[in-house]
Amino acid sequence: MNSIDATIAEKGLMSSEMGSERTLYPYVTGTSVIGIKYKDGILMAADMGGSYGSTLRYKSVERLKPIGKHSLIGASGEISDFQEILRYLDELILYDNMWDDGNSLGPKEVHNYLTRVMYNRRNKFNPLWNSLVLGGVKNGQKYLGTVSMIGVHFEDNHIATGFGNHLARPILRKEWHENLSFEDGVKLLEKCMRVLLYRDRSAVNKLQIAKITEEGVTISQPYSLKTFWGFSAFQNPTKGAEGSW
Amino acid sequence: MGIKQQANWSPYDNNGGTCVAIAGVDYCVIAADTRMSTGYNILTRDYSKICKLADKCLMASSGFQADVKALQKVLSARHLIYQHQHNKQMSCPAMAQLLSNTLYYKRFFPYYAFNVLGGLDNEGKGCVFTYDAVGSYERVGYSTQGSGSTLIMPVLDNKLKSPSPLLLPAKDAVTPLSESEAVDLVKDVFASAVERDIYSGDKLEIVVVKADGIRREYLEMRKD
């Protein structure tokens, strides 16, 4: 099971990057997003950094946004592509609203829409360079799903993108349970975000936590986590590493 | 500046997973694990790879999840049209041909999907169809596809010893096992494959198709 004909197709289509009008690599990126189900709905967390390669270019990028009445989206990856996705979703919700029939799209429908958009763009070899997390509550049903830039999608009780998949999900698998209260949910997310802050170099200590329940969406003001750098091993990091300066 | 410091983007991924199907005289067992992974990461431990396409026809698929889902959607849509035009459910052999055509339609940008189709044929006998990614297929008595198939196939060959397809007159490929023996065999081969295949595990989903309906069964497996 090798990567088959695509390699041939790619060579033919993408041999010259000059003048290409498709995304070959991302420019400004956001790092991990974490989402969990809790007792009354969904909680999501993301920091506010926007990286330009390894440069921290932007420091207050909002990566958690409400979509319609029942959904919440969180994005990692290319920020400009995310903003384009937000425009698609705005139009989707607007046109749905114009029916004025009392019906509205729930998180499941929005997630399905995003799934098709992402997969369609990958079929055109012009991906939207994001991993998206979609959460929401409608008719008492909690929903939490994700889509990647090539259209891989699934639902779960807890989800994390990028580095979060390595560092946060093991914590979530151990500590998550169905009946988390809001306070415990926030504590769990903060624990994950703190680990990411210490170990993910593109994470910054300025984050937002968003909540969505039957009552609607609330996104917190930006705040930072308490950190501790006073471990004795940190005081003289080159001690014992001979030849290091 | 001109030096590539990043791997080229690929429209494909391998999300792993193993599928098995066994045909009996009056039943068909279709099974797959529920792990979905990418590289060394596990994305989720509870993703069903088995899709019901018609009353007596199920498809188990591994490979690239987004392609698999697109394929399932195409087949479901085609089946809905078929129902409106013919006022009946599509038969398993008909669905098998449709699946082959659907895969070959994308011969030069293939669905990265490895399928086994299982169900009952028009006589009510168990049937299994096995495929490659571009649509070549064959009716067999049993089959396995996906990341653990290399570990499972020789065991099935050894246990089920289907008659050679070269025999004349042609012999039936259905296995002589009883339903419960087939289900136990499936559990055994998965329990073994999961020991060595890192892309399979977590949970086993077994579906048994018989004339009177469909039965589902789950078995927890290794989560490491």
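Everything numeric here is computed off the predicted structure, so don't read it as measured data. (Residues numbered from 1 in each chain as written. Chains lettered and ligands numbered in written order. Predicted model: local features only at pLDDT ≥ 70, side-chain atom pairs only at ≥ 80, totals over all residues. Heavy atoms only, no water.)

Colleague: Is there a simple way to think about the pairing of strand β5 (residues 55-58) of chain A in this case?
Modeller: In the case of a regular strand, side chains alternate between the two sheet surfaces. Residue and element names in this part refer to chain A. The pairing of strand β4 (residues 50-52) with β5 spans 3 bridges and is antiparallel. Each bridged residue has a counterpart across the sheet, and for Tyr52 the counterpart in β5 is Thr55. In textbook terms, the turn of a hairpin is the stretch between consecutive antiparallel strands, and for β4 and β5 this stretch comprises 2 residues, one of which, Gly53, has a positive phi near 65 degrees. (Pairing = 2+ DSSP bridges. Helix = DSSP H or I, 4+ residues; strand = E, 2+ residues; numbered from the N terminus.)

Colleague: Honestly, helix α2 (residues 92-105) of chain B in this entry has me stumped. Any pointers?
Modeller: Counting along an α-helix, one turn takes 3.6 residues, and residues three or four places apart therefore face a common direction. Residue and element names in this part refer to chain B. Its 14 residues give α2 an end-to-end C-alpha distance of 20 Å, which sits within 8% of 20 Å, the value for a rise of 1.5 Å per residue. Taken as a whole, α2 has its buried residues at Cys92, Met95, Ala96, Leu98, Leu99, Ser100, Thr102 and Leu103. Contacts from the buried residues of α2 go to β5 (50-54), β6 (57-63), α1 (65-86), β7 (113-120), β8 (126-131) and β9 (137-140). (Expected span 1.5 Å × (residues − 1). Buried < 20%, exposed > 50% of the residue type's maximum accessible area, 1.4 Å probe, protein only. Contact = heavy atoms within 4.5 Å.)

Colleague: Please explain the sheet that holds strand β2 (residues 33-38) of chain A as it appears in this structure.
Modeller: What holds strands together in a sheet is hydrogen bonding between their backbones, with the strands either parallel or antiparallel. All names here are of chain A. Across the sheet, which stays open at both edges, the 5 strands sit in the order β11-β2-β3-β12-β13 with antiparallel pairing between neighbours. The sheet is open, and its two edges are formed by β11 (158-160) and β13 (216-219), each paired on a single side. The average undirected angle you get between the axes of adjacent strands in this sheet is 10 degrees. Contacts from helix α6 (residues 182-199) reach β2, β3 (41-47) and β12 (207-213) within the one sheet, and its direction differs from that of β3 by about 25 degrees. (Axes fitted to C-alpha atoms, helices over the stretch in contact; angles between N-to-C directions.)

Colleague: Even after reading the chapter, I still don't get the sheet that holds strand β12 (residues 213-220) of chain B, so can you show me in this structure?
Modeller: All names here are of chain B. The strand order across the open sheet built from 5 strands is β10-β1-β2-β11-β12, with neighbouring strands paired in antiparallel fashion. Of all the strands in the sheet, just β10 (142-146) and β12 have a single pairing partner and so form its edges. Taking the axes of each pair of neighbouring strands and ignoring which way they run, one obtains an average angle of 15 degrees across the sheet. Contacts from helix α3 (residues 149-160) reach β1 (18-23) and β10, with the element oriented near 170 degrees to β10.

Colleague: Help me understand the side chain of A:Asp47, please; the structure alone is not making it clear to me.
Modeller: Residues and elements named next belong to chain A. Assignment of secondary structure puts Asp47 in strand β3. The class for Asp47 is buried, based on a relative accessible area of 2%. From its side chain, Asp47 meets the backbone nitrogen of Gly49 in a polar contact 3.2 Å long. A polar contact is formed between the side chain of Asp47 and the backbone nitrogen of Val204, at a distance of 3.2 Å. (Polar contact = N/O pair within 3.5 Å; in protein donor to acceptor, adjacent residues only side chain to side chain.)

Colleague: How should empty space enclosed by the protein be read in this particular structure?
Modeller: Gaps left between atoms are located by rolling a probe of water-molecule size over the structure's atoms. Under the defined criterion, the tally for this structure stands at 2 cavities of 30 Å³ or more. Taken as a whole, the largest cavity holds about 120 Å³ of empty space. Contributing to the lining of the largest cavity are 15 residues, with B:Met36, B:Tyr47, B:Lys49, B:Ser61 and B:Gln65 lying nearest its centre. Contributions of two or more residues to the lining of the largest cavity are made by β6 and α1 of chain B. With 4 residues, α1(B) is the largest single contributor of residues to the lining of the largest cavity. Taken as a whole, the second largest cavity holds about 60 Å³ of empty space. Sort the elements by how many residues they give to the lining of the second largest cavity and α6(A) lands first, with 3 residues. Of the residues in the lining of the second largest cavity, the class split is 7 nonpolar, 3 polar and 2 charged. (1 Å grid on protein atoms, 1.4 Å probe; cavity = no way out; pocket = protein on both sides within 12 Å on 5 of 7 lines; lining within 4 Å. Points joined across faces, edges and corners; volume = space filled by probe spheres on them. Nonpolar A, V, L, I, M, F, W, Y, C, P; charged D, E, K, R; others polar.)

Colleague: Would you take a moment to explain the packing of α1(B) against α2(B) for this structure?
Modeller: The geometry of a pair of packed helices is captured by two quantities: the angle between their axes and the separation between those axes. Residues and elements named next belong to chain B. Interaxial distance between α1 and α2 falls to 11 Å at its minimum, and their mutual angle equals 130 degrees. Here α1 lies oblique to α2, going by the angle between them. When the axes of α1 and α2 are compared, the crossing they make is right-handed. Across the interface between the two elements, Leu71, Val74, Leu75, Arg78 and His79 of α1 pack against Met95, Leu98, Leu99, Thr102 and Leu103 of α2. For the contact of α1 with α2, the per-class residue count stands at 7 nonpolar, 2 polar and 1 charged. (Parallel < 35°, antiparallel > 145°, perpendicular 65-115°, else oblique. Left-handed = near helix turned anticlockwise from the far one by under 90°.)

Colleague: Would you mind going over the nonpolar core with me for this structure?
Modeller: B:Leu71, B:Leu75, B:Met95, B:Leu99 and B:Leu117 are the most contacted members of the largest nonpolar core, which has 51 residues in total. Only β3 and β12 of chain A together with β5, β6, α1, α2, β7 and β8 of chain B provide two or more residues apiece to this core. Leaving out residues up to four positions away in the same chain, B:Leu71 has contacts with B:Met59, B:Leu99, B:Thr102, B:Leu103, B:Tyr111, B:Ala113 and B:Asn115. Within the second largest apolar cluster, 22 residues are counted, among which are B:Ala31, B:Val194, B:Leu204 and B:Met221. (Core = buried A, V, L, I, M, F, W, Y, C linked by side-chain atoms within 4.5 Å.)

Colleague: Explain helix α4 (residues 179-196) of chain B here, please?
Modeller: All names here are of chain B. Taking 1.5 Å of rise per residue, the 18 residues of α4 would be expected to cover 26 Å, and the 27 Å separating its terminal C-alpha atoms lies within 8% of that figure. Considered for burial, the residues of α4 that qualify are Glu179, Ala182, Val183, Leu185, Val186, Val189, Phe190, Ala193 and Val194. With its buried residues spanning 160 degrees around the axis, α4 presents them on a single face. Those residues of α4 that are buried lie in contact with β1, β2 (27-33), α3, β11 (203-210) and β12. (Arc of directions from axis to C-beta.)

Colleague: Could you clarify how one ought to interpret the interface of chain A and chain B in this entry?
Modeller: When the parts of a complex come together, some accessible area is lost, and that lost area is often taken as the interface size. Each side of the interface is counted separately: chain A has 31 residues, and chain B has 32 residues. The junction of chain A with chain B conceals about 2,700 Å² of combined surface from both sides, 57% of it contributed by carbon and sulfur atoms. The tally of links from chain A across to chain B stands at 1 salt bridge. Between B:Asp67 and A:Arg122 there is a salt bridge; the shortest N-O distance is 2.9 Å. Where chain A packs against chain B, one counts 8 residue pairs in polar contact (both at pLDDT 80 or more). Residue contributions to the side of chain A that touches chain B peak at 5 residues, all from helix α3 (residues 107-123) of chain A. Tallied by class, the residues present in the side of chain A that touches chain B amount to 14 nonpolar, 8 polar and 9 charged. (Buried area = accessible area lost by both parts, 1.4 Å probe. Salt bridge = Lys/Arg side-chain N within 4 Å of Asp/Glu carboxyl O.)

Fair warning: the whole summary comes from geometry, so function is off the table for now.
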